[in-house]
Amino acid sequence: MVQNMTISQKKILIIVGVGIFTIFIFLIFIYLPTQATLKSLKVQLAEIEAQKQEVETITKNGKTVEEGIEFLRGRYNTLNGYFPATEEETLKLIIDIARDMKVDINSMEPRRKVAFVDDNNIPQQIEGKICYKMPISIKMRCGYYDFVCYMEALKKSLSAFITVEKLQIEKKQENDNKLDIYIEINVYLVA
């Protein structure tokens, strides 16, 4: 069939092929990344509009714009206090709490933090900062009561930032009141 085509028909076929290829390249390298950036900017704009609306609401209640901005700064600082900023800070806190609760940590294996993404694989943000998830595996030895106290202390210190993914508890010896515990947790950080 290609052999029966004239030179001008072959040229038209090549031009159409190059045109389709160009459209495909444009779609992949320009249009789709631009759409993702646009979506991110829309989310940021919505956040800024919400903050602006809060400041306007505060100023309508007889307060100055400076007081409204100070209120937002205070809320922002409170939010930052909930999320540990660094992995080191988090790991130190986990170890310090274990020591205080009479829990012997045999090993702790933190893994590399990764961006926490939604179903569309878009990194989640809080107040313009990216949320990260850091998996940690911990082998410990302690009594049942001490373990419960340890988990309560972690919950109190890292309230919304920790999830237990796996928990194994074994009692090796009948006379021993200590348990061998393996736990996998996810700690959420904002940076």
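Here we look at the overall build of the protein chain
When helices and strands are tallied, the protein chain shows 4 helices and 6 strands. Helices and strands in the protein chain line up, N terminus first, as α-α-α-β-β-β-β-α-β-β. A burial count over the protein chain gives 23% of its 191 residues as buried. Considering only contacts in the protein chain between residues 6 or more positions apart, those separated by 24 or more positions represent 64%. Put simply, the protein chain shows about 13600 Å² of open surface, and 59% of that area lies on carbon and sulfur atoms.

Observations concerning the environment of D104
Among the structural elements, D104 can be located in strand β1 (residues 104-110). Note on D104: relative accessible area 43%, which makes it partly exposed. In this structure the C-alpha to C-alpha distance between D104 and R141, which are 37 residues apart in sequence, comes to 5.2 Å.

Quick notes on the rules
- Starting afresh in each chain, residues are numbered from 1 along the sequence in its written order.
- Restriction of local features to residues with pLDDT of at least 70 applies here, the model being predicted, together with a cutoff of 80 or more for giving and counting side-chain atom pairs; totals for whole chains, interfaces and linings are based on all residues.
- As a rule here, side-chain values come from all non-hydrogen atoms in the structure, and water together with hydrogens is ignored.
- Under the DSSP-based scheme used, a helix requires at least four consecutive residues in state H or I and a strand at least two consecutive residues in state E, with every element numbered from the N terminus.
- Throughout this description, buried means an accessible area under 20% of the type-specific maximum (1.4 Å probe, protein chains only), exposed means over 50%, and partly exposed covers the range between.
- Contact criterion: two residues are considered in contact whenever any of their non-hydrogen atoms come within 4.5 Å of each other.
- A 1.4 Å probe and the Shrake-Rupley method give the accessible areas. Residues count as covered only by the protein chains that appear here.

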